Amino acid sequence: MTAWLSFLVVFLCSWSLRDLVVEACTCVPIHPQDAFCNSDIVIRAKVVGKKLMKDGPFGTMRYTVKQMKMYRGFQIMPHVQYIYTEASESLCGVKLEVNKYQYLITGRVYEGKVYTGLCNWYEKWDRLTLSQRKGLNHRYHLGCSCKIRPCYYLPCFATSKNECIWTDMLSNFGHSGHQAKHYACIQRVEGYCSWYRGWAPPDKTIINATDP
């Protein structure tokens with residue numbers, strides 16, 4: 001088992017031996033804020049090169065990146081030069097284009113190397129909403145002590161004062177929903193956590209739990 005495969009098992013990306021054969025990668029939906037808070041490294045970067053490393057049974061892809069900005073991980077690795085991922089998409093490896101886009105990349109550090117995959121949050125930078133960019137700069141930090149609890153069917157209730165109920169799965173899935181695109185769950189002065197909308201207008205098409 002490669003180092004990255006070991007990490008994926010820990011980080012909510014699961015599969016069976018049969019999944020590997022049929023080329024499947026299954027990830028638990030995660031709000032961008034949780035993806036941010038659970039990552040060792042969060043950067044904005046452009047991929048400037050790639051190399052297939054022949055380690056393990058499937059190999060590892062090493063991307064050379066030009067780091068534009070770091071949002072998380074200063075104490076662990078202040079400058080990132082390489083990003084590692086499984087070469088096979090069936091093992092949740094990501095495919096990044098060289099010399100074309102800037103990406104938001106989140107990952108974990110293992111033995112001095114940054115690993116990412118399909119179960120991490122990665123996206124072309126120009127596809128991020130203004131609220132997500134604000135979250136990366138400041139707001140997500142404020143909510144790392146909060147808990148975002150997914151709601152898959154109604155009714156859903158917060159069980160503690162540090163919970164925000166995430167309802168995107170009722171009408172969307174994962175990162176594509178309104179709360180994922182426009183909300184951060186932050187801790188208020190009073191000590192409880194609640195959704196903060198920021199720059200996004202209210203969304204009247206979904207249930208009230210989105211806009212408490």
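The chain carries the name Metalloproteinase inhibitor 3 in an unreviewed UniProt entry, which gives Serinus canaria as its organism. According to its UniProt record, the chain has this under Subcellular location (unreviewed entry): "Secreted, Extracellular space, Extracellular matrix".

Caption draft 1: Broad picture of the nonpolar core. With 16 residues, the main nonpolar core has Ile41, Ile43, Tyr63, Val65, Val80, Ile83 and Leu96 as its most contacted residues. When residues of this core are traced back to their parent elements, those giving at least two are β3 (41-53), β4 (60-72) and β6 (102-110). When near neighbours in sequence (up to four residues on either side) are disregarded, Ile41 contacts Met70, Arg72, Gly73, Met77, Val80, Ile105, Thr106, Gly107, Val109 and Val114. Ranked by size, the runner-up nonpolar core spans 14 residues in total, among them Ile30, Val42, Tyr71 and Trp125.

Caption draft 2: Local environment of the state of the cysteines. Going through the model one piece at a time under the given rule, you end up with six disulfides. The disulfide that involves Cys151 links it to Cys156, with 1.8 Å between the sulfurs. Around the S-S axis, the bridge from Cys151 to Cys156 shows a dihedral of about 80° and counts as right-handed. In this structure Cys151 comes out as buried when scored by relative accessible area, which is 0%. With relative accessibility at 24%, the residue Cys156 sits in the partly exposed group. Disulfide pairing places Cys164 opposite Cys185 at an S-S distance of 2.1 Å. On the sign convention where negative means left-handed, the S-S torsion of about 80° between Cys164 and Cys185 marks this disulfide as right-handed.

Analysis parameters
- Residues numbered from 1 in each chain as written.
- Predicted model: local features only at pLDDT ≥ 70, side-chain atom pairs only at ≥ 80, totals over all residues.
- Heavy atoms only, no water.
- UniProt positions renumbered as here; feature names shortened; annotations may be inferred.
- Core = buried A, V, L, I, M, F, W, Y, C linked by side-chain atoms within 4.5 Å.
- Buried < 20%, exposed > 50% of the residue type's maximum accessible area, 1.4 Å probe, protein only.
- Helix = DSSP H or I, 4+ residues; strand = E, 2+ residues; numbered from the N terminus.
- Contact = heavy atoms within 4.5 Å.
- Disulfide = S-S within 2.5 Å.

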